[in-house]
Amino acid sequence: MSNIINRMTNKTPKFFQLLRTLGVALAAASGALLAAPIALPDAVNTIAGYVAVAGSVMGAVSQTAVLHEEE
């Protein structure tokens with residue numbers, strides 16, 4: 001468990017910072033679609049749900065990438 005905490009607090013490479021930001025943006029946009037006060041087609045809601053999960057996973061995995069892992 002401490003290895004995961006160490007990876008989350010170490011410096012993240014620039015590419016993965018970009019991926020993390022993109023994942024958070026995707027999750028936020030799909031969350032806005034899911035919480036829309038108007039009725040959207042079922043296909044839009046389904047796709048927004050998948051994009052929310054993909055964005056969340058992309059952000060979480062990108063955060064665990066480190067520049068130099070010490071063994």
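Refer to the structure above for everything that follows.
Read on for a plain summary of the structure. (Residues numbered from 1 in each chain as written. Predicted model: local features only at pLDDT ≥ 70, side-chain atom pairs only at ≥ 80, totals over all residues. Heavy atoms only, no water.)

1. Quick notes on the overall build of the protein chain
Link 1 in the chain: A count of helices and strands for the protein chain gives three helices and zero strands.
Link 2 in the chain: Rg of the C-alpha trace for the protein chain: 15 Å, well past the compact-globule value of 11 Å for 71 residues, more than 25% over.
Link 3 in the chain: Each principal axis of the C-alpha atoms in the protein chain carries an extent, and together these give about 50 × 25 × 15 Å.
Link 4 in the chain: In the protein chain, of all internal contacts separated by at least 6 residues, the share reaching a separation of at least 24 is 77%.
Link 5 in the chain: Roughly 5200 Å² of accessible area belongs to the protein chain as shown, and the carbon and sulfur atoms make up 69% of that amount.
Link 6 in the chain: Averaged over its 4 positive side-chain charges, the protein chain has a centre that lies 12 Å from the centre of its 4 negative ones. (Helix = DSSP H or I, 4+ residues; strand = E, 2+ residues; numbered from the N terminus. Rg over C-alpha atoms; globule rule 2.2 N^0.38 Å. Contact = heavy atoms within 4.5 Å. Areas by Shrake-Rupley, 256 points an atom, 1.4 Å probe, with all protein chains shown as cover. Lys, Arg positive; Asp, Glu negative; His and termini not counted. Charge placed at Lys NZ, Arg CZ, Asp CG, Glu CD.)

2. Here we look at the packing of helix α2 (residues 14-34) against helix α3 (residues 42-63)
Link 1 in the chain: Where α2 meets α3, the axes come as close as 7 Å, and the angle between the chain directions of the two elements is 155°. When the axes of α2 and α3 are compared, the pair comes out roughly antiparallel. When the axes of α2 and α3 are compared, the crossing they make is left-handed. Contacts between α2 and α3 involve Phe16, Leu19, Arg20, Leu22, Gly23, Val24, Leu26, Ala27, Ser30, Leu33 and Leu34 from the former and Asn45, Ala48, Gly49, Val51, Ala52, Gly55, Ser56, Met58, Gly59, Ser62 and Gln63 from the latter.
Link 2 in the chain: Classifying every residue of the contact of α2 with α3 by side-chain character gives twelve nonpolar, nine polar and one charged. (Axes fitted to C-alpha atoms, helices over the stretch in contact; angles between N-to-C directions. Parallel < 35°, antiparallel > 145°, perpendicular 65-115°, else oblique. Left-handed = near helix turned anticlockwise from the far one by under 90°. Nonpolar A, V, L, I, M, F, W, Y, C, P; charged D, E, K, R; others polar.)

3. Considering the side chain of Gln63
Link 1 in the chain: Among the structural elements, Gln63 can be located in helix α3.
Link 2 in the chain: For Gln63, a relative accessible area of 18% gives the class buried.
Link 3 in the chain: Excluding anything up to four places from it in sequence, Gln63 contacts Arg7, Met8, Thr12 and Arg20. (Buried < 20%, exposed > 50% of the residue type's maximum accessible area, 1.4 Å probe, protein only.)

4. Comments concerning the environment of Asn10
Link 1 in the chain: Within the element layout of this structure, Asn10 appears in the loop between α1 (2-9) and α2.
Link 2 in the chain: When its relative accessible area of 37% is taken as the criterion, Asn10 is described as partly exposed.
Link 3 in the chain: The sequence separation of Asn10 and Gly55 amounts to 45 residues, and the corresponding C-alpha distance is 21 Å.

5. Brief notes about the environment of Ser30
Link 1 in the chain: As for its position among the elements, Ser30 is in helix α2.
Link 2 in the chain: Residues Ser30 and Ala52 lie 22 residues apart in sequence; the distance between their C-alpha atoms is 5.5 Å.
Link 3 in the chain: Beyond its immediate sequence surroundings of up to four residues, Ser30 is in contact with Ala48, Val51 and Ala52.

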